[in-house]
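Fold and contact review
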Amino acid sequence: MIELPAGVEIDERPLDVRYRSTLRGLLTRIRLLYDAVYERFGAEGLELIRDVSTAYGRDIAHRVREREGLMEFHDVGRFVVRVFNNMQSKGDVKEWTDKRISIAVPQCPYPFTRPEICQAHTCMEESLVTGLNPDLKYFIEKSIPTGDEFCLHVIEKKEVHQA
C-alpha cells in the first residue's frame, strides 16, 4: 500500500469492489492491446497472441500437474470453472456428463469483439486443458464475437467431438 503523508486520507472501497473494478479494467486493457497488435501486425499479430496464450496455458498446466498429477475429466472441468470464477465470469454449466462439460458465459470478461482475437486468446484454455489431461480437448462452440447470445466453452473427451 502507498503510505500517504500525515493528514491526507483517501476513501477505502471494500476489497471485492476494488478487485472487480481493477480486474475489469485490466481485462479491457488486454483486449485493447490485442486489438492494437492485430491492427498493426495482422496475421502475424494473431500468431503472436496465439503463441503467448498457448505458452501461458501450458505453463499453468505444468505447475498444476507438478502439484496434482494428471487430472481426471471432471477435475479439469472444476479447474476451468475455478479459472472462470477467478475472472469474475458469470454463467452456468449447461452439461456435466462423463464425456462433455459445457459452460455458458453470457458476457465476455475481456470484452472481445473480434472472433479472430477471441480464437487466438482461447489457445490459453486449449493448452491448459490438454496440458492437464492430453485425452481432453477444449473449444468454443458458441461465441459472442461471432454473433451468438453467449459463449459456450466445451471440454470433451477427444473421441466424442467430430469437427
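Quick look at the structure, then. (Residues numbered from 1 in each chain as written. Predicted model: local features only at pLDDT ≥ 70, side-chain atom pairs only at ≥ 80, totals over all residues. Heavy atoms only, no water.)

**Observations regarding the pattern of salt bridges**
All chains considered together, the criterion is met by nine salt bridges. Taking the shortest distance from any N to any O, the salt bridge between Arg114 and Glu39 comes out at 2.8 Å. With Arg114 in the loop between β2 (100–105) and α4 (115–121) and Glu39 in helix α1 (residues 15–41), the pair connects residues that are 75 residues apart, well separated along the chain. By relative accessible area, Glu39 is classed as exposed at 57%. Across the salt bridge formed by Lys94 and Asp92, the nearest N and O atoms sit 3.3 Å from each other. (Salt bridge = Lys/Arg side-chain N within 4 Å of Asp/Glu carboxyl O. Helix = DSSP H or I, 4+ residues; strand = E, 2+ residues; numbered from the N terminus. Buried < 20%, exposed > 50% of the residue type's maximum accessible area, 1.4 Å probe, protein only.)

**Some remarks on the packing of helix α3 (residues 73–86) against helix α5 (residues 123–132)**
Across the interface, α3 lies against α5 with an axial gap of 10 Å and an inter-helix angle of 145°. Read as a crossing pair, α3 and α5 show a hand that is right-handed. Facing Val76, Phe79, Val80 and Val83 of α3, the residues of α5 in contact are Leu128, Val129 and Leu132. Partitioning the contact of α3 with α5 into residue classes produces seven nonpolar, no polar and no charged. (Axes fitted to C-alpha atoms, helices over the stretch in contact; angles between N-to-C directions. Left-handed = near helix turned anticlockwise from the far one by under 90°. Contact = heavy atoms within 4.5 Å. Nonpolar A, V, L, I, M, F, W, Y, C, P; charged D, E, K, R; others polar.)

**A look at the state of the cysteines**
Inspection of every chain in the model, using the stated rule, returns zero disulfides. No disulfide involves Cys108; its sulfur sits 5.8 Å from that of Cys151, the nearest cysteine. On the accessibility criterion, Cys108 (10% relative accessible area) is buried. Left unpaired, Cys118 is separated from the closest cysteine sulfur, that of Cys151, by 5.5 Å. (Disulfide = S-S within 2.5 Å.)

**Comments concerning the sheet that holds strand β4 (residues 151–157)**
One open sheet holds the four strands; their spatial order is β1-β2-β4-β3, and the pairing between them is antiparallel. Each end of this open sheet is capped by a strand with a single partner; those strands are β1 (92–96) and β3 (136–142). Direction aside, the axes of adjacent strands within the sheet are offset by 20° on average. Packing of α3 onto the sheet brings it into contact with β1, β2, β3 and β4, and relative to β2 it is tilted by some 10°. (Pairing = 2+ DSSP bridges.)

**Brief notes about the environment of Met71**
By the secondary structure assignment, Met71 is in the loop between α2 (43–68) and α3. Sequence-distant contacts of Met71, defined by excluding residues within four places in its chain, comprise Val64, Val76, Phe79, Leu132 and Asn133.

**A short note on α2**
The end-to-end C-alpha distance of α2, which contains 26 residues, comes to 37 Å, matching closely the 38 Å that a straight helix rising 1.5 Å per residue would cover. Restricting attention to buried positions, one finds in α2 the residues Gly45, Leu46, Ile49, Ser53, Thr54, Gly57, Ile60, Ala61 and Val64. Elements that come into contact with the buried residues of α2 comprise α1, α3, α4 and α5. Count one or two residues on from α2 and you reach Gly69, which has phi positive near 80°. (Expected span 1.5 Å × (residues − 1).)

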